[in-house]
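Architecture at a glance
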Amino acid sequence: MSRSVSLLCASQCLRTGAVRRILYGGDYNPEQWPESVWHDDIRLMRRAGVTTVTLGVFSWARLEPRPGARDFGWLDRVMDLLHEGGIEVCLATPTASPPPWMGSRHPETLPRDETGSVVWYGSRNQFCASSPVYRDYALRITEDLADRYGGHPALRMWHVGNEYGTHCWCDETARHFRRWLRTRYGGLDALNEAWGTAFWSQRYDSWEEIIPPRRAQYLINPGQGLDFRRFTSDALLECFTAERDALAARTPRIPVTTNFMPLFIGQDGWAWAAEEDVVSVDLYPDPKDPHAAAYGAMVQDLTRSQAGGPWVLMEQAAGPVNWRGVNHPKPDGLMRLWSLQAVARGADGICFFQWRQSRQGSEKFHSGMVPHSGEHSRTFARVRDLGAELRELAPVSGSDVPARAAILHDWHSWWATVQDGRPSSQLPYEGLLRAWHRALWERNLTTDFAHPHADLTDYALVAVPQLYLLTDEALDNLAAYVRGGGTLVCGFFTGVADEDDRVRPGGVDRRLRELLGIRTVHEWWPLDEGETLDAEGAWLGPFHGTGWSEDLEPSTAEPVARIKGGELDGRPAVTRHAYGAGTAWYVSTLPEPAALRALLARAAEEAGLAPVLPGLPEGVEAVVRGPYLFLLNHGRTPAVVPLPSPRTDLLTGRAHHTGVRLDRFAVMVLAPPESPRPAPHPKGHVPCDEPPERSS
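The following paragraphs examine the structure supplied in this document. (Residues numbered from 1 in each chain as written. Predicted model: local features only at pLDDT ≥ 70, side-chain atom pairs only at ≥ 80, totals over all residues. Heavy atoms only, no water.)

1. Comments concerning the overall build of the protein
- For the protein, the helix and strand inventory stands at 18 helices and 28 strands.
- For 696 residues, the compact-globule estimate of 2.2 N^0.38 gives 26 Å, and the protein sits close to it at 26 Å.
- Projected onto its principal axes, the C-alpha coordinates of the protein cover approximately 75 × 75 × 45 Å.
- Counting across all 696 residues of the protein, residues that qualify as buried make up 58%.
- Pairs at least 24 residues apart make up 73% of the contacts formed inside the protein by residues separated by at least 6 positions.
- Taken as a whole, the protein presents about 27,100 Å² of accessible surface, with 49% of it coming from carbon and sulfur.
- Put simply, the protein has 71 plus and 87 minus side-chain charges, and the middle of one group is 5 Å from the middle of the other. (Helix = DSSP H or I, 4+ residues; strand = E, 2+ residues; numbered from the N terminus. Rg over C-alpha atoms; globule rule 2.2 N^0.38 Å. Buried < 20%, exposed > 50% of the residue type's maximum accessible area, 1.4 Å probe, protein only. Contact = heavy atoms within 4.5 Å. Areas by Shrake-Rupley, 256 points an atom, 1.4 Å probe, with all protein chains shown as cover. Lys, Arg positive; Asp, Glu negative; His and termini not counted. Charge placed at Lys NZ, Arg CZ, Asp CG, Glu CD.)

2. Observations regarding the environment of Gln202
- Tracing the backbone shows Gln202 in the loop between helix H8 (188–195) and helix H9 (222–250).
- The sequence separation of Gln202 and Leu433 amounts to 231 residues, and the corresponding C-alpha distance is 35 Å.
- If near-sequence neighbours (up to four positions away) are discounted, Gln202 is found in contact with Asn192, Thr197 and Asn221.
- Side chain to side chain, Gln202 and Asn221 meet in a polar contact 2.6 Å long. (Polar contact = N/O pair within 3.5 Å; in protein donor to acceptor, adjacent residues only side chain to side chain.)

3. What about the layout of surface pockets?
- Taken as a whole, the largest pocket encloses approximately 850 Å³ of empty space.
- Only H8 and H9 provide two or more residues apiece to the lining of the largest pocket.
- Here the element with the most residues in the lining of the largest pocket is H9; it accounts for 5 residues.
- Taken together, the residues of the lining of the largest pocket break down into 19 nonpolar, 8 polar and 8 charged.
- In this structure, the second largest pocket spans a volume of roughly 730 Å³.
- As for the second largest pocket, its lining consists of 31 residues, of which Pro290, Trp441, Glu618, Gly619 and His634 are closest to the centre.
- Of all the secondary structure elements, the ones that give two or more residues to the lining of the second largest pocket are helix H11 (292–307), helix H12 (334–344) and helix H15 (429–442).
- Here the residues of the lining of the second largest pocket are counted per class, giving 16 nonpolar, 6 polar and 9 charged. (1 Å grid on protein atoms, 1.4 Å probe; cavity = no way out; pocket = protein on both sides within 12 Å on 5 of 7 lines; lining within 4 Å. Points joined across faces, edges and corners; volume = space filled by probe spheres on them. Nonpolar A, V, L, I, M, F, W, Y, C, P; charged D, E, K, R; others polar.)

4. Regarding unusual backbone geometry
- A cis amide bond links Phe353 to the next residue, Gln354, at an omega of -5°.
- One non-glycine residue, Ser201, lies in the positive phi region at around 55°.
- Phi is positive for Phe493, close to 55°, though the residue is something other than glycine.
- Among the secondary structure elements, Phe493 is positioned in the loop between strand S13 (487–491) and helix H17 (510–516).
- Look at Phe493 and you get buried, because its relative accessible area is 8%.

5. So, the packing of H11 against H15
- Close contact between H11 and H15 brings their axes to 9 Å; oriented N to C, the two are set at 100°. Taken together, H11 and H15 sit at an angle that is classed as roughly perpendicular. Along its contact with H11, which presents Ala293, Ala294, Tyr295, Ala297, Met298 and Asp301, the element H15 presents Glu430, Leu433, Arg434, His437, Arg438 and Trp441.
- Residue composition of the contact of H11 with H15, grouped by class: 7 nonpolar, 1 polar and 4 charged. (Axes fitted to C-alpha atoms, helices over the stretch in contact; angles between N-to-C directions. Parallel < 35°, antiparallel > 145°, perpendicular 65-115°, else oblique.)

6. Points about the nonpolar core
- Formed by 185 residues in total, the largest nonpolar core has its most connected members in Leu82, Ile350 and Val574.
- The greatest single-element share of this core, amounting to 9 residues, is contributed by H9.
- Aside from chain neighbours lying at most four places away, what touches Leu82 is Tyr28, Ile42, Met45, Val53, Leu55, Ile87 and Val89.
- Leu613, Ala622, Leu631 and Leu643 belong to the second-largest nonpolar core, a separate cluster that totals 14 residues. (Core = buried A, V, L, I, M, F, W, Y, C linked by side-chain atoms within 4.5 Å.)

7. Considering empty space enclosed by the protein
- Taken as a whole and judged by the stated rule, the model has 8 cavities of 30 Å³ or more.
- By volume, the largest cavity is sized at about 90 Å³.
- Looking at the largest cavity, it is lined by 13 residues, and the ones nearest its centre are Phe260, Met261, Leu263, Gln306 and Trp411.
- If one sorts the elements of the lining of the largest cavity by residue count, H11 sits on top with 4 residues.

8. Description of the packing of aromatic side chains
- For the coordinates displayed, the defined rule picks out 27 aromatic pairs.
- Here Trp180 and Phe231 contribute two aromatic rings whose centre-to-centre distance is 6.1 Å and whose plane-to-plane angle is 70°, an arrangement assigned as edge-to-face. Taken together, the residues span a long stretch of sequence, with Trp180 in helix H7 (residues 171–185) and Phe231 in helix H9 at a distance of 51 residues.
- Measuring from centroid to centroid gives 6.1 Å for Trp539 and Trp585, while their planes differ by 85°, and the two rings are edge-to-face. Placement of Trp539 in the loop between strand S15 (532–537) and strand S16 (541–546) and of Trp585 in strand S20 (residues 582–587) is noted, with a sequence separation of 46 residues between them.
- Ring pairing ties together the aromatic residues Trp169, Phe177, Trp180, Trp195, Tyr204, Phe228 and Phe231, which thus form one cluster.
- It is Arg356 that lies over the ring of Trp33; its NZ or CZ is 5.5 Å from the centre. (Phe/Tyr/Trp six-rings, centres within 6.5 Å; stacked < 30°, edge-to-face > 60°. Lys NZ or Arg CZ within 6 Å of the ring centre and 35° of its normal.)

See below:
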């Protein structure tokens, strides 16, 4: 599939005719309700400004009540009703949740855990991705859905599966794993070399001896564990692409998506996004989390970077979720704020799980756009108001979010860091990403994410919170980036291992040490949970570090801050090194938030990178998308923001000349004064011009 064509499909599928728009809706599960409710659903959807619903995600048992049977009559009626009401459909393949009959009649389709125990049906996601029986049934129902609804006028997009993430360690998976390994390594000698099987007498003499990394007496082989995570991501991707290809063969003009879980460890998101026409994600920050806005921004930036442009927020909550220990509702204004934050960071679709709150089942206390309290509730009023505002924001859709800073992220490196037998388990990879991204976000430096092999030349600043595993290509890429004039800020325990989790000579790769101006890392010196080190620098001042420290000996790097006291007294905590035409910083601990923020701000400033708006009040976020300036107040008190030039609020039409006042959770979308206010969108559906045909 051509990536440029995919992005064009994504942009056009979110439009109505030649008119730009923000897609708006949510998961619709009419099979949970009597048909008498369906007409009321359409009425309320029109009131709320819903453009699109995701239909059929968990309907397999209804569509195929017994093997080979088909019950499409109810879905025919729902599709027709939605089309008559002007609502488009993102039609799902229901393959995330096989019916009970499959597990009962074909127990070989059920996954097994590391101990060999069966993971039984009675919930969802109870399938082995390697099972030929599961794959066959999944492909048949997918093909039949495409044959029946591929020409339906309501169909706008396909949604394959849901939140892929199942793992399995069964015998069928073992056979599939061995086939995958044969393709990767060709022969057993190469596999034994990659896995380092000379250690602990683990050499394999036959492919049949190889099994998934099941529960063992002690630590499993790290190479085996790393490859099994790679294999599992690929096995699930095979399931997705098989269904996608069946849909594409029958409906080549209809884009296909599947929804990612936010920063989920189980899938190589870069590889998966390359196989989608539209990239989408589910996002559920905790309303009680004081850093929820930063977390949301991080997930949004990552999803935009995976998409290479506009993306869809496929699921969020209108109120509380049901799966935390305590499930907090959203204060008035927060749902709107977080929805518009997603638009600011590139979303061309804002959707919820789910449309109508369930009365039965495991998620009956998960909020819906229409809650238990009905259409006269505050929740539905907020949903309706948001729909109206998204219509006003239609001119924003399709536009870019410029970013000249990037954070490097790689799932393979993440997988390697989570295995046992490491210097420390106290610093999870995701926590480091969150800390570094938050520091940039708090400085209002809009940030992309990038793969270590990506072209970095357009970025003024590249940050590497931690990439323990780096390929030769990635190392050469970093060196070329800095040599060519880029600014790199590199975190600790980076460049330690190659792609086989083999420690590089010298403990850190020679190319990276040369780039950073480091002679030797004599010893990694991880800190206990709650332990801190003191450090101080001329302009950083005194600060605390957590999680990690190193006995570091620089060669040509300049120490920017040094450790004060303890066993490592006087050792560098932060260094700076001129390399070629660029600069490389190294940070051997996790500085406290204010210090990390100051450090990255200094590196950005030296790289010529300025915030979107300088001097913003705490809690106010500024993002540029296309010609529009989004101002979002995540604080609970009003804030005043000076403007460098006159702007007009796209939502109200009001002109602001020198500054704006943002109330609690307020959002303004400011356009240059010459930008025309959009014409009101007509209610209902206007047929969309067809996206371009997919090319292989």
